Amino acid sequence: MATMSVAPPVSGVLLNDFSLQVATVNGSGSQSSNLVLLRTIFQMGVPISGKNLFPSNIAGLPTWFTIRASRHGYVARKKEIDFLIAMNPETVREDVLGLDPGASVLYDEPLKANDLRHDVTFYPVPFDKLVAGVCPDAKLRKLVRNMIYVGCAAHLMNMEMEEVERALRQQFKKKQKAADLNWGAVKAGFDYAVTNFPQPDRCRLERIAGALSKTAGKIIIEGNAAAALGCLFAGVTVVAWYPITPSSSLCEYLIEYLKKYRRTPDGKATFAAVQAEDELAACGMVLGAGWMGARAMTSTSGPGISLMSEFVGLGYYAEIPGVIFDIQRVGPSTGLPTRTAQGDLGFVATLGHGDTRQIILLPGSVEECYEMGIAAFDIAERYQTPIFVLSDLDLAMNHWMAEPFAYPTKPLDRGKVLRAEDLTRLKGDWGRYRDVDGDGIGYRTLPGTDHPAAAFFTRGSGHNERAQYSEKSADYTNNLDRLKRKWEGAREHLPPPVVEHTDSGEVAVIAYGSTQAAMVESLDQLREHKINASYLRLRAYPFAAMVREFVAAHQRVYVVDQNRDGQMFELLQLDLGPELASRLRSVRHYNGLPVDARSLTDAIVALEGAK
């Protein structure tokens, strides 16, 4: 019989409010077990998020999966781990020693984790013995044994076994035999825990039922899957891509959606999906399709953006629509390819040699990954330019709770397109790069338009308003000035910032992207420190006028970046000018882990104390 060691009590029960981490190795089949735990908590009405920290190399290296359960609705990573499931001998020492006093550890008995310290509660479990009793096939035991800890955790945390089984069978869906085998392992773990650990742990669950449920009607989805749905509803017909972590799953999801929903009644595909030889070629295909009038996209990460820069410059100067999703990871170079960051912002803002200004969308939730996945194509065609959607690994590849997505009802915006009847009315007198409306956007035609005046040249070299080759200084400066006027005009037509005003006129915070989840929690923590901060979340670049108004209304404005150099901080300084820029303070998080609220709170409190 196992001997449970109990730490001296340091706090009360953590009811529906704790962080659970599973430490295993890559390729051990733990993901299914972890998702069963995640869905069980969700099905009990408790808000959750799930984050997978996985290695960039081969199977057998450490991996951690963290589940945040919060009755308050907080879904950012929690800095502290309250309950650890330790299955990896390579990391058990570091994992256990990194816990705060009073934490709990469920571990594989041979690891002898209880020898490491005496101020946490230990639950040793003989996994190999238990799995041998439920899985006759020795080859399968490696995969099934992880379900033992699901059963143990279910007892210790008061999970409802009916919900555990429902989550498990959802995970294996039509694989009845596999589901039955894994359910047997769950029950074995549960029975063992009941016998050997009769008292529940301080990390405890209690169903939030009925109208009080905070998960009823909601879904769990990754940001890349949400973005792919947005692209589908936006009418994308061309997908060109090259695989790279953490962007690959976006195109993989999208291709599966297209195969299901973009076929004629006789089964013929009405889309093209091409895996190119590299990212540069993928970008070229997107621009070629965009020039032809198709809605086209690609997804990549920082190294791919570097390779795409030449074609992006062509798209900017020749004014060709296309959508590029940049799922950011840690750089420079290969960096940490399976860690999250917001490190491409400064690079993308002016991507392309010479004078370029790019339009960027910044989703802060999976709902916005979907919504901006739709909007990006309208914006690309309205402004006739490549549009960047900057997500990151945390938002894109992790599991988030969301409201079901709204079905789009707004018609597609194809922008300034001249059709045959327009060309007849104009008697052929039009210029592809002529600004007739003062907004910097010229009119274009689509190849195949049945009119002799429909054709035009697309030039990446010097050209005049009729797209004729020109090296005249006046033509060049006029063209660059018009392009900047077009970019400036986009300020008030992109997704606007979201502002939460308070009574404070002194302190404010500006953040963007996946920082949103941590910032919501941090604002509550700041109030505990008597810091009542206003909050503005940026959703696009160039910045709307209200950003300047927001900064002008506060004395100190903290700008939160998930990068070393404070790239959004720097862009805001450039945009606001010296007087308002002096009000900005930089808060940076760049260790590769999803940002947590406590780190932001501590940084702002320290800076406020030093003001």
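Not measured: the values here are computed from a predicted model.

Some points on the pattern of salt bridges
Turning to step 1, where the next piece is worked out: Taken as a whole, this structure holds 37 salt bridges when the rule is applied.
Turning to step 2, where the next piece is worked out: For Asp-82, the salt bridge identified is with Lys-78, shortest N-O distance 2.8 Å. Comparing Asp-82 with Lys-78 shows no difference in burial state: the two are buried.
Turning to step 3, where the next piece is worked out: The partner of Arg-491 in a salt bridge is Glu-488, and the shortest N-O contact between them spans 2.6 Å.
Turning to step 4, where the next piece is worked out: A relative accessible area of 16% means that Arg-491 is categorised as buried.

A word on the sheet that holds strand E12 (residues 296-300)
Turning to step 1, where the next piece is worked out: Pairing is mixed across the open sheet formed by seven strands, whose spatial order is E11-E10-E12-E13-E15-E14-E20. Whereas interior strands pair on both sides, the edge strands pair on one side only; in this sheet they are strand E11 (272-275) and strand E20 (540-541).
Turning to step 2, where the next piece is worked out: As paired strands, strand E13 (residues 322-328) and strand E15 (residues 386-392) are joined by seven bridges and run parallel to one another. Looking at the pairing, Gly-322 lines up with Pro-386 of E15.
Turning to step 3, where the next piece is worked out: Against the sheet, helix H10 (residues 279-291) makes contact with strand E10 (238-241), E11, E12, E13 and E15, and its axis sits at roughly 160° relative to E12, the strand it touches most.

Remarks on helix H8 (residues 223-234)
Turning to step 1, where the next piece is worked out: Between its terminal C-alpha atoms H8 stretches 16 Å, which fits the 16 Å expected from 12 residues at 1.5 Å a residue.
Turning to step 2, where the next piece is worked out: When H8 is considered as a whole, its buried residues turn out to be Gly-223, Asn-224, Ala-225, Ala-226, Ala-227, Ala-228, Gly-230, Cys-231, Leu-232 and Ala-234.
Turning to step 3, where the next piece is worked out: Positive backbone phi, approximately 95°, marks Gly-235, located one or two places after H8.

Some points on the domain arrangement of the protein
Turning to step 1, where the next piece is worked out: Domain parsing of the protein yields domain 1 (14-216), domain 2 (221-402), domain 3 (420-493) and domain 4 (498-609).
Turning to step 2, where the next piece is worked out: Relative placement of domain 2 and domain 3: their C-alpha centres are 25 Å apart.
Turning to step 3, where the next piece is worked out: Facing 20 residues of domain 2, the contacting portion of domain 3 comprises 27 residues.
Turning to step 4, where the next piece is worked out: Buried surface at the junction of domain 2 and domain 3, both sides included, amounts to about 2000 Å², of which 55% is carbon and sulfur.
Turning to step 5, where the next piece is worked out: Considering only the side of domain 2, the residues that lose the most area to domain 3 are Tyr-317, Glu-319 and Tyr-383, jointly responsible for 37% of the buried surface there.
Turning to step 6, where the next piece is worked out: In this structure, the connection of domain 2 to domain 3 is made through three salt bridges.
Turning to step 7, where the next piece is worked out: The shortest N-O distance in the salt bridge between Glu-381 and Arg-444 comes to 3.0 Å.
Turning to step 8, where the next piece is worked out: Linking domain 2 with domain 3 are 11 residue pairs in polar contact (both at pLDDT 80 or more).
Turning to step 9, where the next piece is worked out: Sorting the residues of the side of domain 2 that touches domain 3 by element identifies H10, helix H11 (302-318) and helix H13 (366-383) as the ones contributing at least two each.
Turning to step 10, where the next piece is worked out: Class assignment of the residues belonging to the side of domain 2 that touches domain 3 gives a composition of 10 nonpolar, five polar and five charged.

Remarks on the sheet that holds strand E22 (residues 584-588)
Turning to step 1, where the next piece is worked out: In space, the five strands of this open sheet follow the order E17-E19-E18-E21-E22, with mixed pairing throughout. The two strands at the open ends of the sheet, each matched to only one other strand, are strand E17 (498-500) and E22. Adjacent strand axes in the sheet meet at a mean angle of 20° when their direction is disregarded.
Turning to step 2, where the next piece is worked out: With four bridges joining them, strand E18 (residues 507-512) and strand E21 (residues 556-561) adopt parallel strand pairing. Following the sheet pairing, Val-507 is matched in E21 by Arg-556.

Notes on the side chain of Gln-567
Turning to step 1, where the next piece is worked out: For Gln-567, the location among the structural elements is in helix H19 (residues 567-576).
Turning to step 2, where the next piece is worked out: Within the structure, the side chain of Gln-567 is placed 2.8 Å from the backbone nitrogen of Gly-346, a separation counted as a polar contact.
Turning to step 3, where the next piece is worked out: Every residue in contact with Gln-567, bar those within four places of it in the chain, is listed here: Gln-342, Gly-343, Asp-344, Leu-345, Gly-346 and Asp-561.

The rules behind these values
Residues numbered from 1 in each chain as written. Predicted model: local features only at pLDDT ≥ 70, side-chain atom pairs only at ≥ 80, totals over all residues. Heavy atoms only, no water. Salt bridge = Lys/Arg side-chain N within 4 Å of Asp/Glu carboxyl O. Buried < 20%, exposed > 50% of the residue type's maximum accessible area, 1.4 Å probe, protein only. Pairing = 2+ DSSP bridges. Helix = DSSP H or I, 4+ residues; strand = E, 2+ residues; numbered from the N terminus. Contact = heavy atoms within 4.5 Å. Axes fitted to C-alpha atoms, helices over the stretch in contact; angles between N-to-C directions. Expected span 1.5 Å × (residues − 1). Domains from an automatic or database assignment. Buried area = accessible area lost by both parts, 1.4 Å probe. Polar contact = N/O pair within 3.5 Å; in protein donor to acceptor, adjacent residues only side chain to side chain. Nonpolar A, V, L, I, M, F, W, Y, C, P; charged D, E, K, R; others polar.

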